[in-house]
Every structure is written in C-alpha cells, then in structure tokens.
Amino acid sequence: MILVIDGHPYLYEMESLCDIFFPYEKVTVVYETSHDDDLVVYTGYKEENDEAHLHISVKLDSQFLEKRDVFSFSEPNFEKQCSLKMAVMLHELLVSLTGYRPHWGVLIGVRPIKLLRKLTAEMGQAQATAYFSNNLLVSKEKVQLSVRTMHNEQPILSASRPESFSLYISIPFCPTRCAYCSFVAQSTEKTAKLIPRYVDLLCEELMYTAQVAKRCQLRLETVYMGGGTPTTLTAQQMAQVIDTVYTHFDMYTCGEFTIEAGRPDTITAEKLQVMKERGITRISINPQTLNDDVLKLIGRGHTVKQIYDAFALARTIGFNNINMDLIVGLAGDSIESFHRTLHGVTDLNPESITVHTLSLKRSSKINQNGKVHFINDGYSADQMLRYVDRVLTEKEYFPYYLYRQSRMVGNLENTGWAKPGFENFYNVYIMDETHTILACGAGAVSKIKHPYEDKLQRIFNFKFPYEYIDRYQEMLNRKEIVVSMYQQFRQSSAKFTT
C-alpha cells in the first residue's frame, strides 16, 4: 500500500493506523501526491488564514472516500490535537471502507493504562474515561477493562520508592523457535556450545551490576528471569545464575523472584528442586494452548500431556505461585477449542493466567507463509477475549496489568489476570515504567528511570549470544552510564534520599 504524507509531520500516527487496518500490507511512505496503486492513503495538511486545512482520502480497489476539515492555530496543544484530528479522520474512513472498528480506536500506544492514569490525575476519572471514549474512540468494553486494571495495579505502584529498581536476567535460548516468535531467542540445537560460556559471562555481568546498584544506593524490589526459556539451562547452570544473584545483590527488600519455566518439555524435577531450594517465589508454565494440533502448527515441540505433567510436578515439589500463559488467535485454533483450553487451565487452578493476543511480527515464521486478512482473524480473537473476561472474573481472577503490541490480531491486548495476593509486581513495574530496570544478558535492555520525572533512558546489551560473548567488556562499560545518571539525579533533586 502507498501512504502519502503531504505537508505534515504526523508520519508515525498515520502509518500506525494503516498497520492497524492492514498489518500484512507493506506500507510504502511517499511524499509525492500522485500514485497509482490498489490501496492508496493520502494525508494532506496545508496552512491558510491561521488555519490548518486537513485532507484525508483512501482508495481501496474501486472504492474511494475522503474527508476534509479545518483546524484553528488557536486550539490549545495544537500539534497534539491536530495529529489526533487527522488520526480520527483516517480512522473513520478506514472503518467505513472495511467495516471493521478497532476496540482501541486511534490509541496506538503500548501502555494505555499509564495514559489513563495520567489523564485521571489531570482531569479526574470521569473526564479521563470520557476522553478515552470520545476522543480516542476506545470501546466501552476496553474503557471498563482499563479502569479495572488501573485500580488493581495502584497498590503495586505505591510500593515502589524513588530508589527502587528491578533486575531482569535474559536467557535467550529455547529448545525450538515457535512459529509466532520474534524475540531474540536462539534454538539450543544451533547454540548449545555457546551456553556454558554465556552463563559464566552472565554471572560476571550480574556481579558487576550488583556493584553498580550498590554504588547508586538502589533498593532491589523484584527479580525476573526470562527469555527465551530459562529452563533450557541445566539444573547446575540455573543454580549458578540464581546463586550469583543471592550472593551479590541485597535481597532483603526483594519481594519476588520469578523464573519463566515456560516450555514444559524443558521442566524436570531436578530443575524445579534447584529453584525451590533457592527461594524462587513464582514460576510460569506456559501452554499457550491445550490443543495438540495447534501445538504442532506453532512449532512448540511438546504435547498437552507434558503440560499437565509439568504442572503436577511443580505442585508436588511445592510451588504455590504458578502462572500460565495463553494466546488467542493462534493458527488452527477455534473459539470452541480456545474455550476448552481456558477451562482446562482454570481447572488446574494456577494463581495467575496471562492472556496474550497473537502479535504477528514480520520476523516470525508464521507471518512469512503468506497474507492473512487481519479483520477476519479479529472477530474470533475478540470473542475469545470476551469469554476470558467472563470466565476469569467468575473464578475470582482480576486484571492487574495490560499492554499492547503492534500488529496484534484484532488490534487487541495482552492482560495479566491474578488471584488476590498473586500479582507479579515486576510485570506492573516494567509496563508502567515505574522505576529503573537493570537488565543482564543478551538482548536485555536496562531502563533508567528518573525518580521524580517521567523520563527514561535505555541502555542496550548486545542482541545475540555470540555478540554478547565477543564484545562483553564493551557492554559492561555501558553500565557506568547508570552510575553517572544517578549522580545527576541526586545533584538535581534534594528529595532523592535513601
């Protein structure tokens, strides 16, 4: 498809909306006004007589629709409101042409709950929710879900302090690569020889990061080991990483330590025992689906029986805080099949259930097999999520964090549901960007949060394990940026004391 940008700086907003309605189309951005293509979106802006003249048109095969409007320069927050006006105009044209109305309207951000909380602080909840509905065109159901989530996560946010931080540990290895995956994760078949050296260097980075945290006088709140699949490591390697954390970090204030056990085909009694003996408080056993045919289609490499066996084993060893991940919109799944999956998981009675909507990144295998029309996928995914809301609410789970990604089926969302007292604080902190996240391992990104301002700086580790190993010292040097930033924070704010 062709996206014409004529005279305005709102490329991100216009391109994002095109992706919502046509995520499997390659968007070619041009700045000339005349183009011959089956799908052309024109977005124009011209200034005349103290007004912005806006013109949006869409040509889809033989159909053509357009909208025109004017916007006064005297409007408060002109740039922000003008871009929103153009987004709404384009949104309404695309709804008219496709018959599809996204639940999240023109809201294109990853963190809708953070935005809702900001608006609530500025104008009160009633006006904030009205803004979501009337200005951003968010559906009634998603506004209600956002409000519930915002209230449920507030006690968690209140527990964070200016000197708080969380620790993320990346294990970027999996037994196989799932068809929908776009994360930086390497199959163990290809990278097994790198793992011992990777683990040794990861432990060194953890030790160095612990010293950085002490120099910055930071307080550790949560630890999260993710991936990839951390349980691709041997029991001994897992013990090495966990012991390094407990030896070098001050764990006195740490309220939770989560490990994504993830793939049930990597879970053994020995690994679970290692975790349990070392005080791991929460694990994830992620089926994604309880349909063997769907598991094969998405390349999971394990069976439904292995999911049940891994869960039973974890309970036997004594884990009383288990999360399970599900995905709506998987290839080969149906509404009825997903209902069976949801009831199968709730029958196991895990303490939390995270429900993701499939996000088809361009780098995922499943997205390279040809186009699938987004709107056709969206109806089923929407019905699945409606059912999730009803069933999990009845079973006394509640939504406690929510986020969105690009190219999600139906332009929907990911939501974490938990029983009271079993929320994962780390998930809330990272989605809200509440406090600093110090991250270790390949592909990890440290996020340094200003204690009293809404400012965040990212420090990137090298992406792939071989880069991480080859350029290790160079990466460690970047951690010194954290120290200099916290020195500046303390100099600029007398309030920041520990």
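This one's a predicted model, so the numbers in the text were calculated from it and none came from an experiment.

Rules of the game
Residues numbered from 1 in each chain as written. Predicted model: local features only at pLDDT ≥ 70, side-chain atom pairs only at ≥ 80, totals over all residues. Heavy atoms only, no water. Helix = DSSP H or I, 4+ residues; strand = E, 2+ residues; numbered from the N terminus. Rg over C-alpha atoms; globule rule 2.2 N^0.38 Å. Buried < 20%, exposed > 50% of the residue type's maximum accessible area, 1.4 Å probe, protein only. Areas by Shrake-Rupley, 256 points an atom, 1.4 Å probe, with all protein chains shown as cover. Pairing = 2+ DSSP bridges. Axes fitted to C-alpha atoms, helices over the stretch in contact; angles between N-to-C directions. pLDDT = per-residue confidence, 0-100. Contact = heavy atoms within 4.5 Å. Phe/Tyr/Trp six-rings, centres within 6.5 Å; stacked < 30°, edge-to-face > 60°. Lys NZ or Arg CZ within 6 Å of the ring centre and 35° of its normal. Right-handed = clockwise from strand over helix to strand, strands pointing away.

Some points on the overall build of the protein chain
- Helix and strand counts for the protein chain stand at 17 helices and 18 strands.
- The C-alpha atoms of the protein chain give 24 Å as radius of gyration, which agrees with the globular expectation for 498 residues (23 Å, within 12%).
- For the protein chain, the spread of C-alpha atoms along the principal axes amounts to about 70 × 60 × 45 Å.
- For the protein chain, the residues scored as buried account for 56% of the 498 residues in total.
- Of the roughly 21200 Å² of accessible surface on the protein chain, a fraction of 49% belongs to carbon and sulfur atoms.

Some remarks on the sheet that holds strand 4 (residues 51-60)
- Spatially, five strands are ordered 2-1-3-4-5 in an open sheet, and the strand pairing comes out mixed. Whereas interior strands pair on both sides, the edge strands pair on one side only; in this sheet they are strand 2 (28-30) and strand 5 (63-72). The average undirected angle you get between the axes of adjacent strands in this sheet is 15°.
- Inspection of the sheet shows strand 3 (residues 39-48) paired to strand 4 by 10 bridges, in the antiparallel sense.

A closer look at the confidence of the model for the protein chain
- When pLDDT is averaged along the protein chain, the result is 91, and 93% of the positions lie at 70 or above.
- Residue range residues 368-376 is modelled with pLDDT below 50. Its contacts to residues more than four positions away, or to other chains, number 18 contacts.

Focus on the packing of aromatic side chains
- Inspection of every chain in the model, using the stated rule, returns 15 aromatic pairs.
- Ring plane angle 25° and centroid distance 4.8 Å describe the contact between Y224 and Y426, whose orientation is recorded as stacked. On the criterion of sequence distance, the pair formed by Y224 in strand 9 (residues 219-227) and Y426 in helix 14 (residues 425-432) is long-range, its members being 202 residues apart.
- Overall, the relative accessible area of 4% leaves Y426 in the buried class.
- The ring of F319 carries the charged tip of K276 above its face, separated from the ring centre by 5.4 Å.
- Here the basic side chain of R478 rests over the ring of F462, its NZ or CZ set 4.4 Å away from the ring centre.

Side note on unusual backbone geometry
- Between G227 and G228 the backbone carries a cis peptide bond, its omega angle lying at 10°.
- Among the structural elements, G228 can be located in the loop between strand 9 and helix 8 (235-248).
- Residues other than glycine seldom take positive phi values, yet N411 does so here, at roughly 55°.
- Structurally, the position occupied by N411 is in the loop between strand 14 (398-403) and strand 15 (414-418).

Section: the pairing of strand 13 (residues 352-357)
- The buried fraction of strand 13 amounts to six of the six residues, a majority that puts the element mostly inside the structure.
- Bridge analysis of strand 12 (residues 322-328) against strand 13 gives six bridges, and the strand direction is parallel. Bridging across to strand 13, M324 finds its partner in I353.
- Regarding the hand of the β-α-β motif, the stretch spanning strand 12, helix 12 (residues 335-348) and strand 13 is right-handed.
- Here strand 13 pairs with strand 15 via four bridges, running antiparallel. Note on strand 15: the bridge partner recorded for T354 is G416.

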